[in-house]
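Residue-level structural notes
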Amino acid sequence: MATAEPLLEIRALCKRFPARAGREHPPWVIRDLTFSVAEREFLTIVGPSGAGKSTLLNMLAQIETASGGEVRFQSQPIALDDPKALSPGLACRIGYVTQEDNLLPWRTMLQNVLFPLAVQGRLTPETRARAETLIRTVGLAGFEHHYPHELSGGMRKRAALIRTLVYDPPVILMDEPFGALDAQTRTQLQQDLHQLWIGGRKTIVFVTHDIAEAIALGDRTLVLSPPPAHVAGEHVIDIPHPRDIRAIMTHPAFAGLYERIRAQVH
Amino acid sequence: MTALGEGRSRDPADLRWSQAASTLRARGDQVIVLIVLIAIWQTASLALGVYWVGSPWGVASRVAAGAFSGDLLRHAAYTALEAAAGFALGALPAAALPFALRRFPIATAIIDPFMVGGYGAPKLALAPLFILWFGIGIESKIALVAITVFFIVYFSALAGVRALDAKLVQMAQVAGAHERQVVRHIVLPGAVPYIFTGLRIAMPYSIGGAVIAELISSNRGLGYLVQLGAMNFDTTGVLAALTAVTLIVFVGNWSVNAAERRLLRWRPPADLRLQAGT
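Parameters at a glance
Residues numbered from 1 in each chain as written. Chains lettered and ligands numbered in written order. Predicted model: local features only at pLDDT ≥ 70, side-chain atom pairs only at ≥ 80, totals over all residues. Helix = DSSP H or I, 4+ residues; strand = E, 2+ residues; numbered from the N terminus. Buried ≥ 20, exposed ≤ 12 C-beta atoms within 10 Å, placed from the backbone. Contact = placed C-beta atoms within 7 Å. Rg over C-alpha atoms; globule rule 2.2 N^0.38 Å. Pairing = 2+ DSSP bridges. Axes fitted to C-alpha atoms, helices over the stretch in contact; angles between N-to-C directions. Nonpolar A, V, L, I, M, F, W, Y, C, P; charged D, E, K, R; others polar. Left-handed = near helix turned anticlockwise from the far one by under 90°. Core = buried A, V, L, I, M, F, W, Y, C linked by C-beta atoms within 7 Å. pLDDT = per-residue confidence, 0-100. Domains from an automatic or database assignment.

To continue, consider the overall build of chain B. Summing up its helical and strand segments, chain B has 11 helices and 0 strands in all. Ordered by position from the N terminus, the helices and strands of chain B form the series α-α-α-α-α-α-α-α-α-α-α. In terms of its C-alpha atoms, chain B occupies a principal-axis envelope of roughly 75 × 55 × 30 Å. Sorting the 278 residues of chain B into buried and exposed places 35% on the buried side. The long-range fraction of contacts in chain B, counting pairs at least 24 apart against all pairs at least 6 apart in sequence, stands at 73%.

A few words on the overall build of chain A. Helix and strand counts for chain A stand at 7 helices and 10 strands. In terms of overall size, chain A behaves like a compact globule, its C-alpha atoms giving a radius of gyration of 18 Å where 266 residues would be expected to give roughly 18 Å. On the principal axes, the C-alpha backbone points of chain A span a range of 50 × 50 × 35 Å. Buried positions account for 47% of the 266 residues belonging to chain A. Taking as baseline every contact in chain A between residues at least 6 positions apart, the subset at least 24 positions apart corresponds to 72%.

Here we take up helix α9 (residues 222–231) of chain B. Inspection of α9(B) places Leu222(B), Gly223(B), Leu225(B), Val226(B), Gln227(B) and Gly229(B) among the buried residues, and these make up the whole buried set. One or two residues past the end of α9(B) sits Phe233(B), with phi positive at roughly 55 degrees.

To continue, consider the sheet that holds strand β6 (residues 94–97) of chain A. All names here are of chain A. Across the sheet, which stays open at both edges, the 6 strands sit in the order β6-β7-β8-β3-β9-β10 with mixed pairing between neighbours. With one partner strand each, in any of the chains shown, β6 and β10 (231–236) form the two edges of the open sheet. Direction aside, the axes of adjacent strands within the sheet are offset by 15 degrees on average. Bridge count for β6 against strand β7 (residues 171–175) is 4 bridges, and the pairing is parallel. Looking at the pairing, Tyr96 lines up with Leu173 of β7. Along the sheet face, helix α1 (residues 53–60) touches β3 (42–46), β6, β7, β8 (203–208) and β9 (220–224) and points at about 155 degrees away from the line of β7. Relative to β10, helix α7 (residues 252–264) is tilted by about 170 degrees, and along the sheet it contacts β3, β9 and β10.

What follows deals with the interface of chain A and chain B. Opposite the 27 residues of chain A that make contact, chain B presents 21 residues. When residues of the side of chain A that touches chain B are traced back to their parent elements, those giving at least two are α2 (109–119) and α5 (183–200) of chain A. Classifying every residue of the side of chain A that touches chain B by side-chain character gives 13 nonpolar, 11 polar and 3 charged.

All names here are of chain B. Structurally, the position occupied by Met203 is in helix α8 (residues 179–216). Residue classification places Met203 among the buried positions, given that 24 C-beta atoms sit within 10 Å. Distance in space between the C-alpha atoms of Met203 and Ala91 is 9.9 Å, their sequence separation being 112 residues. Residue contacts for Met203: discarding those within four places in its chain leaves Gly252, Asn253 and Val256.

Before going further, it helps to spend a moment on the packing of helix α3 (residues 71–100) of chain B against helix α6 (residues 138–162) of chain B. A pair of packed helices is captured by two measures, namely the crossing angle of their axes and the spacing between those axes. All names here are of chain B. It is the contact of α3 with α6, at a shortest axis distance of 6 Å, that shows an interaxial angle of 30 degrees. The chirality of how α3 crosses α6 is right-handed. Considered class by class, the residues forming the contact of α3 with α6 number 24 nonpolar, 3 polar and 2 charged.

What follows deals with the environment of Trp28(A). Residues and elements named next belong to chain A. Mapped onto the elements of the fold, Trp28 is located in the loop between β1 (6–15) and β2 (30–38). Accessibility expressed as a C-beta count within 10 Å gives 18 for Trp28, which makes it partly exposed. C-alpha separation for the pair Trp28 and Gly179, spaced 151 residues apart in sequence, amounts to 25 Å. With near-sequence residues (within four places) excluded, Trp28 lies in contact with Cys14, Arg16, Pro227 and Pro228.

Strand pairs in the sheet, formed through backbone hydrogen bonds, run parallel or antiparallel to each other. All names here are of chain A. Reading across the sheet, the 4 strands line up as β2-β1-β4-β5 and stay open at both edges, with antiparallel pairing between neighbours. What marks the edges here is a single partner per strand, and that holds for β2 and β5 (76–77). Looking at chain direction, strand β4 (residues 68–73) and β5 are connected through 2 bridges and run antiparallel. Looking across to β5, one finds that Phe73 is bridged to Gln76.

Core analysis: the largest hydrophobic core is formed by 135 residues, its most contacted members being Leu173(A), Val149(B), Val153(B) and Ala157(B). Per-element tally for this core: the top contributor is α6(B), with 15 residues. What Val149(B) contacts, discounting residues up to four positions off in sequence, is Gly86(B), Phe87(B), Gly90(B), Ala91(B), Ala94(B), Ala202(B), Tyr205(B) and Ser206(B).

All right, on to the pairing of β9(A) then. Residues and elements named next belong to chain A. Within β9, 5 of the 5 residues are buried, which leaves it mostly tucked inside the rest of the structure. Side chains of β9 alternate between two faces, with Arg220, Leu222 and Leu224 and Thr221 and Val223 buried alike. Sheet topology note: the β9/β10 ladder contains 5 bridges and is antiparallel. From the neighbouring strand, Arg220 faces β10, where its bridge partner is Val236.

Glancing now at the confidence of the model for chain A. Of all residues in chain A, 98% attain a pLDDT of 70 or more, and the chain-wide mean is 90. Element-level mean pLDDT values for chain A span from 89 in α5(A) up to 96 in α2(A).

What follows deals with the domain arrangement of chain B. Residue and element names in this part refer to chain B. Split by domain assignment, chain B resolves into domain 1 (20–51) and domain 2 (54–276). For domain 1 and domain 2, the distance between their C-alpha centres works out to 27 Å. With 6 residues of domain 1 at the contact, the number on the domain 2 side is 6 residues. Split by residue class, the side of domain 1 that touches domain 2 holds 4 nonpolar, 2 polar and no charged.

This is the structure:
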């Protein structure tokens, strides 16, 4: 599956942040990172905190420059060296669900979900209906006219998630989107995401520090080394879809995968 | 889905009750403070005589008489007009400028010392100059109010633009928003609370500026009434005019707060109350 025509290719990607005046050059955050993502693949990436996982996604989302290397989307190289040449979201082809929900506090939940469609000029009865379906799917029906401060953390995460799903970008990057949630809500959202992915089969790059989550959701899991980050291991998760996330730990393949991945995460 | 039940646990009816109760309590305490202040005023008036300090009752009846005859109302309306016109003329460009300069940090940095100088300079000292330039009519008063309001609102709008959450901008850009949409949907709404802080501070200054300009040279307005009262050794008249000034400040303040409440419905209520200072 992963060997099919790659949708996204990352070759020898490097990153270090610019030096501040009077200090020596900061160390590399990412060094010679190479991997590819196949179309319709759910790729999970685990790594220790500070391994540059968010930085990697920021570069793929084109909100941050790279210090070297190459990224290709559908075989087309992406300019990553000049901040002025960056095109955030690559013309709406790469969606990004960040760690924080980043909902606009002055917009209601529904207005937040419709925001990408509104700025892209794609608000039609069909897209609105799609938004309503997604809102119902993740259990937010009835909260359309609530402002973000009136929603719980889990509800805000859901709203942020479907805000990206609603405009249907071919690739979606996710940066520990369920990080700060309680276990119950987290499992529920994982199940929701899995269901949505089964239904739509997007290409998803999902970053997490939780190995169980990486196994539960992924087709394939990459392990990043401590900084400077490079790929320390690759694991194909051969658990058939659709999966029952709640019971994933009881799957015979789980324990072995968990052990092998854990051994590589430092 | 199962996680639906995690809304707010506080009963909204309960919350509204306790809020209403605390508002009522605050209002009651405010009335007590008002009574104490009037008592002090009355004592001063009794001790020094109405010649030096007009009594509260005398001032109240003078205000009422002036209101009924329309005399006081006419002067008050004139002052309010100056203040409102100057307020709009100063606040609008002041609020717009930081947005226009958002993409040009160098321009903002170049004008910064001049803005700081303008902010710090005693604008009231400009009143004689403005009267020289614009005459003793309404124009010089509007100019003075506008320049007073301008610097206050400029710095609060600038703070609002600078407090912008870069993550929200990135989110919007990834979602496909262009620069103009970013300004309209992210920068502007985020800066509105800051702009209102500036407007609320500038509001009494606008009325004060108008009154001071009238004090220096005018034949209309509440400042003129103050001046006239002082020349005639009529402290009751002076205090009546000042009472009218205070009432205008209250109305102005209330208008700013009402506009803010309307525009900032999205804020958590506690936040809003803190901002409004009530």
